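Given next are the chains, with one letter for each unit.
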Amino acid sequence: MSDVAGKGEITLAPPGHPINTLMEEHKLLLGFAAELRTTVQVMRSAKDFGSSHREMEQLKHIVEHLKDSESHYLREENVLFPYLERHGITQPPAIMWSEHNEIRERKKRIYGIMEKQKDLGFQKFVSELEGGAASLDDLLQSHFYKENNMLFPMAIKVITEDEWAEVGRQFDELGYCCFTPQHGRQAGQERRADKAEPVPEGQMAFETGSFSREELETLLNTLPVDITFVDKDDKVRYFSQSKERIFARTKAVIGREVLQCHPKESLDRVVQIVNDFKSNKRNSAEFWINLKGRLVYIRYFPVRRNGEYLGTLEVTQDITDIKKIEGEKRLL
């Protein structure tokens, strides 16, 4: 076996297979990185932006593709890596994810240089972009080599045929890059019908997972918002019991007509919102009020499934401290 970075090609899986799609995208991304370096090198002999119009258009085109490549990394991180972890392969995906973040940082550097080109001046722009392009190209070659020659062969070895079908379906859900080969996209139309995941006894199954009754109730009460659900017959069916509920709710309201839960002066507005939800005239309604020195955000959403109205969800949140947030606070 050999890598795809200029030393031949690996064939691990047929066209349409998730691994084949990822590897084809690797080749294209390496091509964009190489084109970026070549374009900048051509610009070194130019005098200004005006004499490099063609190259600047090429750079914009390459940057668009680099930005759209985020789908490639998301598919690996959110689908392929979890399946590898199910089979006990944890460290390699963790390393690859870390390198994804470094790739993102190097791409951001290139985007930043492109955005401030006028402020930098032509010569400094070319110099900085040349360094950024070389840095990204080197990392992509190293990273893709590891995935093509080590990570992907591991995946082919341990992930089962049925699991690959599910990987493919989840790839389809996340979507592809604008440059993903057509056979990678078409494969999604040919995948077998979904197979339901086995649900442990005592669990409630949903399309994207399962909960025990205790887990689900605790989760709903842990949400940093208060929620109330009114069914299609306009009766209160549920409310969460968060730690610091904003508006009081008691079990006595369960089964009560929603109109009986509001003062007379607001009834017309409540009726209008619910009727608009039922007739598909609106998809949300929102209000905010000052309550005891706090800013409270109140939103209503129609609950629909396949176009059928099932009820209305009220979400209430204290956003006083949220409005004070500035700058960034990253996880790391």
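Structure report, in brief. (Residues numbered from 1 in each chain as written. Predicted model: local features only at pLDDT ≥ 70, side-chain atom pairs only at ≥ 80, totals over all residues. Heavy atoms only, no water.)

**A closer look at the overall build of the protein**
Threshold: Elements are defined by DSSP. Helices are runs of H or I of four residues or more, strands are runs of E of two residues or more, and each kind is numbered from the N terminus. Relative accessibility decides the category of a residue: with a 1.4 Å probe and only protein chains considered, values under 20% of the type maximum give buried, values over 50% give exposed, and everything between is partly exposed. Residue contacts follow a heavy-atom distance rule, with two residues in contact if any of their heavy atoms lie within 4.5 Å.
Along its length, the protein carries ten helices and seven strands. Projected onto the principal axes, the alpha-carbon positions of the protein cover approximately 75 × 50 × 35 Å. A burial count over the protein gives 40% of its 332 residues as buried. A separation threshold of at least 6 residues defines the contact pool for the protein, and within that pool the share at least 24 residues apart is 57%.

**Notes on the packing of helix α1 (residues 18-43) against helix α2 (residues 53-68)**
Basically, it comes down to this: To get an axis, a line is fitted to the C-alpha atoms, and for a helix only the part in contact is used. The angle between two axes follows their N-to-C directions and goes from 0 to 180 degrees. Orientation categories follow fixed angle ranges, with anything under 35 degrees roughly parallel, anything over 145 roughly antiparallel, 65 to 115 roughly perpendicular, and all other angles oblique. Two helices cross in a left-handed way if the nearer one is turned anticlockwise from the farther one by less than a right angle. They cross in a right-handed way if the turn is clockwise. Classes in brief: Ala, Val, Leu, Ile, Met, Phe, Trp, Tyr, Cys and Pro nonpolar; Asp, Glu, Lys and Arg charged; the others, Gly included, polar.
The N-to-C vectors of α1 and α2 enclose an angle of 155°; their axes lie 10 Å apart at closest approach. On the basis of their axis angle, the class for α1 and α2 is roughly antiparallel. When the axes of α1 and α2 are compared, the crossing they make is left-handed. Contacts between α1 and α2 involve Phe32, Glu35, Leu36, Thr39, Val40, Val42 and Met43 from the first element and Glu55, Met56, Gln58, Leu59, Ile62, His65 and Leu66 from the second. Of the residues assigned to the contact of α1 with α2, the class counts are nine nonpolar, three polar and two charged.

**Focus on the packing of α1 against helix α7 (residues 161-174)**
Relative orientation of the contacting elements α1 and α7 amounts to 50°, with a least axis distance of 9 Å. As summarised for this structure, α1 and α7 are arranged oblique, according to the angle between their axes. Taken together, the residues of α7 that come into contact with α1 (itself represented by Pro18, Ile19 and Leu22) are Trp164, Val167, Gly168 and Phe171. Of the residues that constitute the contact of α1 with α7, the class distribution is six nonpolar, one polar and no charged.

**Notes on helix α3 (residues 70-86)**
Put simply, the test is: To estimate how far a helix should extend, the number of its residues minus one is multiplied by 1.5 Å. Fitting axes to the seven residues that end at a residue and to the seven that start at it, the angle between those axes gives the bend at that residue.
For α3, which comprises 17 residues, the first-to-last C-alpha distance of 24 Å matches the rise-based estimate of 24 Å (1.5 Å per residue) to within 8%. Residue leucine 80 marks the point of greatest curvature in α3, where the axis turns by about 35°; the proline proline 82 follows within four residues. Of all the residues in α3, the buried ones are Ser71, His72, Tyr73, Arg75, Glu76, Glu77, Val79, Leu80, Phe81, Tyr83 and Leu84. Buried residues along α3 sit against α1, α2, α4 (91-115), α6 (122-158) and α7. One or two steps after α3, the chain reaches glycine 88, where phi turns positive at roughly 85°.

**Considering the environment of arginine 256**
Of note, arginine 256 is situated in the loop between β4 (236-239) and α10 (267-278). A residue is classified by how much of its surface remains accessible, and arginine 256, at 34% relative accessible area, is partly exposed. Distance from arginine 256 to valine 230, taken between C-alpha atoms, is 9.3 Å for residues 26 residues apart in sequence. Residues within four places of arginine 256 in sequence aside, it is in contact with Asp234, Lys235, Val236 and Cys261.

**Structural notes on the nonpolar core**
Basically, it comes down to this: The nonpolar core is taken to be a set of buried Ala, Val, Leu, Ile, Met, Phe, Trp, Tyr and Cys residues, with the residues joined through side-chain atoms within 4.5 Å.
Judged by nonpolar contacts, the single largest core of 32 residues is most densely connected at Leu36, Met43, Leu59, Phe125, Leu129 and Leu140. Sorting the residues of this core by element identifies α1, α2, α4 and α6 as the ones contributing at least two each. Looking at this core, the element that brings in the most residues is α6, giving nine residues. Each residue touching leucine 36, except ones within four places of it in the same chain, is listed here: Leu59, Ile62, Leu66, Ile110 and Ala133. If you look at the next biggest cluster of nonpolar residues, it comprises 20 residues, including Ala13, Ile19, Leu151 and Phe152.

**Section: the sheet that holds strand β5 (residues 285-291)**
Strand pairing within a sheet occurs via backbone hydrogen bonds; the two strands may be parallel or antiparallel. Counted only if it meets this: Any two strands with at least two DSSP-identified bridges between them are counted as paired.
What the five strands build is an open sheet, ordered β4-β3-β7-β6-β5; its pairing is antiparallel. Looking along the sheet, the strands with just one partner apiece sit at the ends: β4 and β5. Strand after strand, the sheet turns through a mean of 20° between neighbouring axes, direction not considered. Bridge analysis of strand β6 (residues 294-305) against strand β7 (residues 308-318) gives ten bridges, and the strand direction is antiparallel. By the bridge assignment for β7, isoleucine 298 is matched with threonine 316.

**What about the packing of aromatic side chains?**
Here is the rule: Two rings from Phe, Tyr or Trp (for Trp, the six-membered ring) form a pair when their centres are within 6.5 Å of each other. A pair whose planes differ by under 30 degrees is stacked, one over 60 is edge-to-face, and the rest are tilted. Working rule: Lys NZ or Arg CZ, within 6 Å of ring centre, within 35 degrees of ring normal, means a charge sits over the ring.
Tallying each qualifying case throughout the model produces seven aromatic pairs. Consider the rings of phenylalanine 287 and tyrosine 300, whose centres lie 6.2 Å apart with planes at 75°: the pair is edge-to-face. With phenylalanine 287 in strand β5 and tyrosine 300 in strand β6, this pair connects stretches of sequence that are 13 residues apart. For tyrosine 300, a relative accessible area of 17% gives the class buried. Chaining the aromatic ring pairs together yields one cluster made of Phe49, Phe122 and Phe125. Seen from the ring of tyrosine 111, lysine 67 lies directly overhead, with NZ or CZ sitting 5.1 Å from the centre. Taking the ring centre of phenylalanine 171 as reference, the NZ or CZ of arginine 75 above it sits at 5.6 Å.

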